[in-house]
Amino acid sequence: MTKPEEELSALWDMYEVQIVNKLNGSFSFWMTDNAANEIFAARDMLGTRQLFYTFTEDNVPLCGTSILNLLKLTGKDIKVCRNAVAEYLEKGYIYGGETIFEGVYKLDSGSYLHYHNGVTECVRYFNPSFERDNSISQTQWENEFYNITNAAIKAEKCKTCFLSSGIDSAYIAATLPADKTITAVFNNPDDESEKAKQTADYLSVPNIQIPFSADEFFSAVKESQISREQPTADPSYTFTYLLLKEAAKYCDAICSGESADEMLVGYRRYEVKGLTTEDIIKLQCTDIKELLGDDFFPSLEAGMRAFGIEVYYPYADRAIVELCMRMPIECNLSDVSNKTVLRNAASHVLPQDIVSRKKIGFYSPLKHWMEQPEWSELINSTLNDGTLDMLTGKKGVARDYISSKFWRERWKAFALVMWYHGIIL
């Protein structure tokens, strides 16, 4: 049987840097030709897998999937990049080519690195570009989408999937077909567990419901931020980390519905009154290039590494992505619904009451927990220890975050300090 590295080597011989246009699925890799003094590295088009690089004393790139391992290999000191701290406090994650560590860089999603003749070049080979084709009817789009997604989901050969209340994961579970599903539970009317159970019951598939408590959550914040290597302010991240930890007890591979919202106009922010088609496309492109590749997928990858579980993303299949790039927004967004093409495809395998459900989203009780004295005191004392002022180089920053009326701002600062305590101290 041919090994993956042998297949890549053969493809490189045929296509060289164009190899990236011949690959599908999740990947990050690098190849070295010592005789030619050449290095090639790449990430998949949506960035489901990360890749970092630094430079040796001879200015040769050194690639890897772990920032901390790269620093150990080179013997470089761990130094926090203040510009990256500012980026984090702006968006809640580190975006673009920098990392939060000085001297270590991130290859963007949909990009490759090529070192040859002493020169390093980073090229984005996939730039989200929605070139809408209005010559195809709604029915034709729906038929094509159904055929492509049906094939892509079944090709994963995975029998377990995360199951929320929404159509993305329900369609995956029905199409696989899944033999078990896993759902997060927060014991709150706003979470997705009840509707997920209804979907699982319809499919006659076991639904493993995993509950979370405030104690468990706050005990895992530092651990999860360490595993991720770079901080994130996404309040659902630690829940996702714990969910993967529990999921690994039941399976070694699981399917997830990431990227469906970005590709199929699924977020509420795309439906804001007054937005033009061009406005929506700009939002989609930013979400695809930054939110997916710089925040969502890296968070899932951290849990994968920590617990030895593989996560598959059927909606990140190249054929699905390319199809969605051609599909007019009107095929998915109307006054009464969104993700119309997906919902109609799902109607082949699911009843209308499930197909027509509105998106709830991954419920997080964090706002409520942060208002409780025990956790509010923990956050305030952590923010008040001087770390935040040191990281930003500004006095009084911690005080501003402690007194903020917005819980997400307080959480963003707290997550950063917890990351620093875990990684540096």
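Structure: above.
Since we're looking at a predicted model, the values are computed, not measured.

Analysis parameters
Residues numbered from 1 in each chain as written. Predicted model: local features only at pLDDT ≥ 70, side-chain atom pairs only at ≥ 80, totals over all residues. Heavy atoms only, no water. Helix = DSSP H or I, 4+ residues; strand = E, 2+ residues; numbered from the N terminus. Rg over C-alpha atoms; globule rule 2.2 N^0.38 Å. Buried < 20%, exposed > 50% of the residue type's maximum accessible area, 1.4 Å probe, protein only. Areas by Shrake-Rupley, 256 points an atom, 1.4 Å probe, with all protein chains shown as cover. Lys, Arg positive; Asp, Glu negative; His and termini not counted. Charge placed at Lys NZ, Arg CZ, Asp CG, Glu CD. Expected span 1.5 Å × (residues − 1). Bend = angle between axes of the 7 residues up to and from the residue. Contact = heavy atoms within 4.5 Å. Pairing = 2+ DSSP bridges. Core = buried A, V, L, I, M, F, W, Y, C linked by side-chain atoms within 4.5 Å. 1 Å grid on protein atoms, 1.4 Å probe; cavity = no way out; pocket = protein on both sides within 12 Å on 5 of 7 lines; lining within 4 Å. Points joined across faces, edges and corners; volume = space filled by probe spheres on them. Nonpolar A, V, L, I, M, F, W, Y, C, P; charged D, E, K, R; others polar. Axes fitted to C-alpha atoms, helices over the stretch in contact; angles between N-to-C directions. Left-handed = near helix turned anticlockwise from the far one by under 90°. Salt bridge = Lys/Arg side-chain N within 4 Å of Asp/Glu carboxyl O. Phe/Tyr/Trp six-rings, centres within 6.5 Å; stacked < 30°, edge-to-face > 60°. Lys NZ or Arg CZ within 6 Å of the ring centre and 35° of its normal.

Peer 1: Is there a simple way to think about the overall build of the chain in this case?
Peer 2: Counting secondary structure elements, the chain contains 18 helices and 12 strands. For a compact globule of 425 residues, the expected C-alpha radius of gyration is about 22 Å, and the chain comes in at 22 Å, within 12% of that figure. Expressed as lengths along the three principal axes of its C-alpha atoms, the size of the chain is roughly 60 × 55 × 45 Å. Residue burial in the chain is summarised as follows: out of 425 residues, 55% are buried. Only carbon and sulfur atoms are counted for the fraction: they give 48% of the accessible area of the chain, which is about 19,100 Å². A gap of 4 Å separates the mean positions of the 43 positive and 60 negative side-chain charges of the chain.

Peer 1: Got a minute to help me understand helix α7 (residues 214-228) in this structure?
Peer 2: For an α-helix, 3.6 residues make a turn, and residues three or four places apart therefore share a direction. Over its 15 residues, α7 runs 21 Å from end to end, which matches the ideal 21 Å to within 8%, given 1.5 Å per residue. Considering bend angle alone, the principal kink of α7 is centred on V221 and spans about 40 degrees. Those residues of α7 lying buried are A214, F217, F218, A220, V221, S224, Q225, S227 and R228. Of the surrounding elements, those touching the buried residues of α7 are α8 (237-247), α10 (277-307), α14 (366-371), α15 (373-383) and α18 (407-423). E229, located one to two residues past α7, shows a positive phi value of around 75 degrees.

Peer 1: Would you mind showing me how to read the pairing of strand β9 (residues 180-185) here?
Peer 2: For a regular strand, side-chain orientation follows a simple rule: the groups alternate between the two sheet faces. Counting buried residues in β9 gives six out of six residues, a clear majority hidden from the surface. Where burial is concerned, the two faces of β9 agree: the one with K180, I182 and A184 and the one with T181, T183 and V185 are both buried. Taken together, the three bridges between strand β8 (residues 160-162) and β9 define a ladder with parallel strand orientation. Bridge pairing links F162 to I182 in β9.

Peer 1: Teacher, can you tell me more about the nonpolar core here?
Peer 2: Soluble globular proteins tend to bury their nonpolar side chains together. If you look at the biggest cluster of nonpolar residues, it comprises 129 residues, and the most contacted ones within it are F40, L46, F145, F218, L388, W411 and L416. When neighbours within four sequence positions are excluded, L416 is seen to be in contact with V85, Y88, L89, I100, P231, L388 and L391.

Peer 1: How should I be thinking about the layout of surface pockets in this particular structure?
Peer 2: Where empty space is left becomes clear once a probe the size of a water molecule has been rolled over the atoms. Looking at the second largest pocket, its volume works out to about 230 Å³. Forming the boundary of the second largest pocket are Y270, E271, V272, L275, T276, T277, I280, I329, E330, L333, S334 and D335. Of the residues in the lining of the second largest pocket, the class split is six nonpolar, three polar and three charged.

Peer 1: How do you make sense of the sheet that holds strand β7 (residues 119-124) when you look at a structure like this?
Peer 2: Working definition: the strands of a sheet are paired by backbone hydrogen bonds and lie parallel or antiparallel to each other. The strand order across the open sheet formed by four strands is β1-β2-β6-β7, and the pairing between neighbours is antiparallel. The open sheet has two edge strands with one neighbour each: β1 (28-33) and β7. Geometrically, the sheet is characterised by an average inter-axis angle of 10 degrees between neighbouring strands, direction not taken into account. By the bridge criterion, six bridges tie strand β6 (residues 111-116) to β7 in an arrangement that is antiparallel. Opposite H114, over in β7, you have E121 as the bridge partner.

Peer 1: What is the right way to look at the packing of helix α3 (residues 82-91) against α18 in this model?
Peer 2: Working note: a packed helix pair is described by the angle between its axes plus the distance between those axes. α18 packs onto α3 with a crossing angle of 145 degrees between their chain directions and a minimal axis gap of 9 Å. Every pair of crossing elements has a handedness; the one defined by α3 and α18 is right-handed. Note on element contacts: α18 touches α3 through K412, A415 and L416, opposite V85, Y88, L89 and E90. Among the residues forming the contact of α3 with α18, the class breakdown is five nonpolar, no polar and two charged.

Peer 1: Looking at this structure, I do not really get the pattern of salt bridges. What am I missing?
Peer 2: Charged atoms that come close allow side chains of opposite charge to pair. Taken as a whole, this structure holds 15 salt bridges when the rule is applied. With its nearest N and O atoms 3.1 Å apart, the salt bridge here joins E246 to K249. With relative accessibility at 18%, the residue E246 sits in the buried group. You can call K249 exposed: its relative accessible area is 59%. The partner of R269 in a salt bridge is D287, and the shortest N-O contact between them spans 2.9 Å. Taken together, the positions of R269 in the loop between α9 (260-263) and α10 and D287 in helix α10 put the pair 18 residues apart, joining distant regions of the chain. For D287, a relative accessible area of 8% corresponds to the buried category. Here the residues in one salt-bridge network are D168, D261 and K339, joined through shared partners.

Peer 1: Help me understand empty space enclosed by the protein in this model?
Peer 2: All chains considered together, the criterion is met by one cavity of 30 Å³ or more. The computed volume of the largest cavity comes to approximately 60 Å³. Within the lining of the largest cavity, the residues separate by chemical class into two nonpolar, two polar and three charged.

Peer 1: Is there a simple way to explain the packing of aromatic side chains in this structure?
Peer 2: Given two aromatic rings, their pairing is described by the distance between the two centres and the angle made by the two planes. Tallied over the entire structure, the rule returns 25 aromatic pairs. Ring geometry for Y53 and F55: centres 5.8 Å apart, planes at 90 degrees, overall edge-to-face. On the basis of relative accessibility, which here comes to 22%, the residue F55 falls in the partly exposed class. For the ring pair Y53 and Y105, a centre distance of 5.6 Å and an interplane angle of 35 degrees mean the geometry is tilted. Placement of Y53 in strand β3 (residues 52-55) and of Y105 in strand β5 (residues 105-106) is noted, with a sequence separation of 52 residues between them. Members of the aromatic cluster, joined through ring pairs, are F186, F212, F217, F218, F239, W369, W375, W411 and F414. Taking NZ or CZ as reference, R228 lies 5.9 Å from the ring centre of Y237, over its face. Geometry around Y267 places R269 over its ring, the cationic atom sitting 4.2 Å from the centre.

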